[in-house]
Amino acid sequence: MTSHKSYIATLLSFGLLIFLSSCESEQNELEAYYFPFEELKEGLVYEYRSVNNDSLVPEYWYYRTFDGENGERFLAAQAYDHLFNVTQFSREEFVGNGSLMFDYRLYEYDSTGTAQIIEPLIEDANVFPFTISEDSGFLRFKMKWQEILEPEMTVTLSRGRQFQKFTTHQMLDVNLPAAEFATTELVEFDHTEEGHREYEGTSKEIYAKDFGLVYYRKVVDEQFVFEYELAGRYTMEEFERFFSERLFPLE
């Protein structure tokens, strides 16, 4: 590979209302830790920088939320590399108990720098849970695609995500309430001539309340460990100006 929920006429019904309200709050308490819907309506770029490895380039994700015609809520995400090339695009829908992926695109660039767009088949659309359930196991996501620049290759990505615990995360000397998740990933490559190979990895993810993803550590093996943390958030105008000044500095 080229390389996600009466008062009483007596005191009893009042107590029942409080109980039901409390249960609903507990069931949906993870939603506040995912990307904030209202704040992202104008869109923000999240910059993630490598922890303890300056050789790895930053990652940039532009997140923007929007409303559908019938009251639906959507999140769009677009990834950029260090040269301002788009590498991934996705759209999710926020439903009652979580977020579901309904559109994903991967961008490959040929020798001329022309983008080739891949639209994977999404087989399991679960991205992020808004509810906590002890017996739900991993929230499963799966998609499959055929490489454009190497059409003999089919790639399958399977991911499981599971809530671990509530915690805190320090960012800019402030301890933020956070939720920790564990994920497992399996990437399978099937080549018509070279056969089948696969790679497994595990990740630790931290989502801070009212921010979304602020940290992750992905382990493929002892030689491949990727650890990234949120370093800043910018408007798209600020982001474009930064890249313009970097790529085309004034003499």
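As the structure is a computational prediction, the values presented were derived from the model and not from experiment.

*Asks:* What's the story with the overall build of the protein chain in this structure? I'm lost.
*Replies:* Each helix and strand counted, the protein chain has two helices and 13 strands in total. For the protein chain, the residues scored as buried account for 37% of the 251 residues in total. Of the accessible surface of the protein chain, which amounts to about 14800 Å², a share of 50% is contributed by carbon and sulfur atoms.

*Asks:* What is the right way to read the pairing of strand 2 (residues 59-67) from this model?
*Replies:* In regular strands, side chains alternate between the two faces of the sheet. The pairing of strand 1 (residues 44-50) with strand 2 spans five bridges and is classified as antiparallel. For V45, the partnering residue across the bridge sits in strand 2 and is Y62. Relative to strand 3 (residues 73-80), strand 2 runs antiparallel, the two being bridged by eight bridges. Bridging from a neighbouring strand, W61 pairs with A79 of strand 3.

*Asks:* Just checking my understanding: could you explain the nonpolar core for this structure?
*Replies:* Buried together is how nonpolar side chains tend to be arranged in soluble globular proteins. The biggest cluster of nonpolar side chains holds 45 residues, and the ones touching the most others in it are Y34, F35, Y46, Y48, Y63 and F128. If you tally residues by element for this core, the top one is strand 10 (residues 174-191), at six residues. In this structure, Y60, Y62, Y107 and M236 belong to the second largest nonpolar core, which totals 11 residues.

*Asks:* Sorry if this is basic, but what is going on with the pairing of strand 9 (residues 153-171) here?
*Replies:* Looking at chain direction, strand 8 (residues 139-146) and strand 9 are connected through eight bridges and run antiparallel. Each bridged residue has a counterpart across the sheet, and for R140 the counterpart in strand 9 is G160. The hairpin turn running from strand 8 into strand 9, its antiparallel successor, is six residues long. Two elements, strand 9 and strand 10, share 18 bridges in a ladder whose sense is antiparallel.

*Asks:* What exactly am I supposed to notice about the side chain of T156 here?
*Replies:* Summarising the element assignment, T156 is placed in strand 9. Relative accessible area serves as the criterion here: at 4%, T156 is assigned to the buried category. T156 has contacts with K142, M143, K144, L186, V187 and E188, leaving out every residue within four places of it along the chain.

*Asks:* Where do I start with the side chain of S203 in this structure?
*Replies:* For S203, the position within the fold is in strand 11 (residues 195-208). A relative accessible area of 10% means that S203 is categorised as buried. Beyond its immediate chain neighbours, meaning those up to four positions away, S203 contacts F181, A182, T183, R217 and K218.

*Asks:* What exactly am I supposed to notice about the confidence of the model for the protein chain here?
*Replies:* Looking at the protein chain as a whole, its pLDDT mean stands at 86, while 85% of the residues score no less than 70. Contacts from residues 1-27, a stretch scored under 50 in pLDDT, to residues over four places away or in other chains number 39 contacts.

About the cut-offs
Residues numbered from 1 in each chain as written. Predicted model: local features only at pLDDT ≥ 70, side-chain atom pairs only at ≥ 80, totals over all residues. Heavy atoms only, no water. Helix = DSSP H or I, 4+ residues; strand = E, 2+ residues; numbered from the N terminus. Buried < 20%, exposed > 50% of the residue type's maximum accessible area, 1.4 Å probe, protein only. Areas by Shrake-Rupley, 256 points an atom, 1.4 Å probe, with all protein chains shown as cover. Pairing = 2+ DSSP bridges. Core = buried A, V, L, I, M, F, W, Y, C linked by side-chain atoms within 4.5 Å. Contact = heavy atoms within 4.5 Å. pLDDT = per-residue confidence, 0-100.

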